[in-house]
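Remarks on the overall topology
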Amino acid sequence: QVQLVESGGGLVQAGGSLRLSCSASGRTFSTYAMGWFRQAPGKEREFAAGISASGGMTSYGDSVKGRFTISRDNAKNTVYLQMNSLKPEDTAVYYCAAGTSRAVVTSIRDADYWGQGTQVTVSS
């Protein structure tokens, strides 16, 4: 069992940066692939970024590639999402997810556990 708690969301102007954090409970965090997803009002939840259990592999959605960076610190049971050059279309609730079925979490069906989400709002 893994419990995930996101933090770091907020309001930022276009072009700005935010860093999201996701803290996980449990002693097995280092065995889970992790991912960040986002859901805007009226839209489906979409993949943003994923990272393997060791941190050696990463994957990004096309809409965030080159602007967002996912990383993890297994000693701190935490995964991060550094978001740069933010755009109004990045506005969404951002969710952290954990899974073991794939090397990298890249789709909703890969995730076994979800956090409660953190709101990111980018103003123009």
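Our structure is the block above this text.
Residues numbered from 1 in each chain as written. Predicted model: local features only at pLDDT ≥ 70, side-chain atom pairs only at ≥ 80, totals over all residues. Heavy atoms only, no water.

Further remarks concern the overall build of the protein. Looking only at helices and strands, the protein has zero helices and 11 strands in total. The linear arrangement of helices and strands in the protein, starting from the amino end, is β-β-β-β-β-β-β-β-β-β-β. The C-alpha radius of gyration computed for the protein amounts to 13 Å, which stays within 12% of the reference 14 Å derived for 124 residues, consistent with globular compactness. Across its three principal axes, the protein shows a C-alpha extent of roughly 40 × 25 × 25 Å. Taking all 124 residues of the protein together, 48% fall into the buried category. Surface accessibility of the protein: about 6,200 Å² in total, with carbon and sulfur atoms responsible for 46%. (Helix = DSSP H or I, 4+ residues; strand = E, 2+ residues; numbered from the N terminus. Rg over C-alpha atoms; globule rule 2.2 N^0.38 Å. Buried < 20%, exposed > 50% of the residue type's maximum accessible area, 1.4 Å probe, protein only. Areas by Shrake-Rupley, 256 points an atom, 1.4 Å probe, with all protein chains shown as cover.)

So, about the layout of surface pockets. By volume, the largest pocket is sized at about 180 Å³. Along the walls of the largest pocket sit 13 residues, with Arg38, Lys43, Glu46, Glu89 and Asp90 positioned nearest its centre. Partitioned by chemical class, the residues of the lining of the largest pocket number two nonpolar, three polar and eight charged. (1 Å grid on protein atoms, 1.4 Å probe; cavity = no way out; pocket = protein on both sides within 12 Å on 5 of 7 lines; lining within 4 Å. Points joined across faces, edges and corners; volume = space filled by probe spheres on them. Nonpolar A, V, L, I, M, F, W, Y, C, P; charged D, E, K, R; others polar.)

Here we come to the pairing of strand S7 (residues 68–73). Side-chain positions along a regular strand alternate between the two faces of the sheet. What you see with S7 is a clean split: Phe68, Ile70 and Arg72 sit on the buried side and Thr69, Ser71 and Asp73 on the side with no burial. Note that S7 and strand S8 (residues 78–83) share six bridges and pair antiparallel. Note that in S8 the partner of Arg72 across the bridge is Val79. Connecting S7 to the antiparallel partner S8 that follows it, the hairpin turn spans four residues, and Asn77 within it adopts a positive phi of roughly 55°. (Pairing = 2+ DSSP bridges.)

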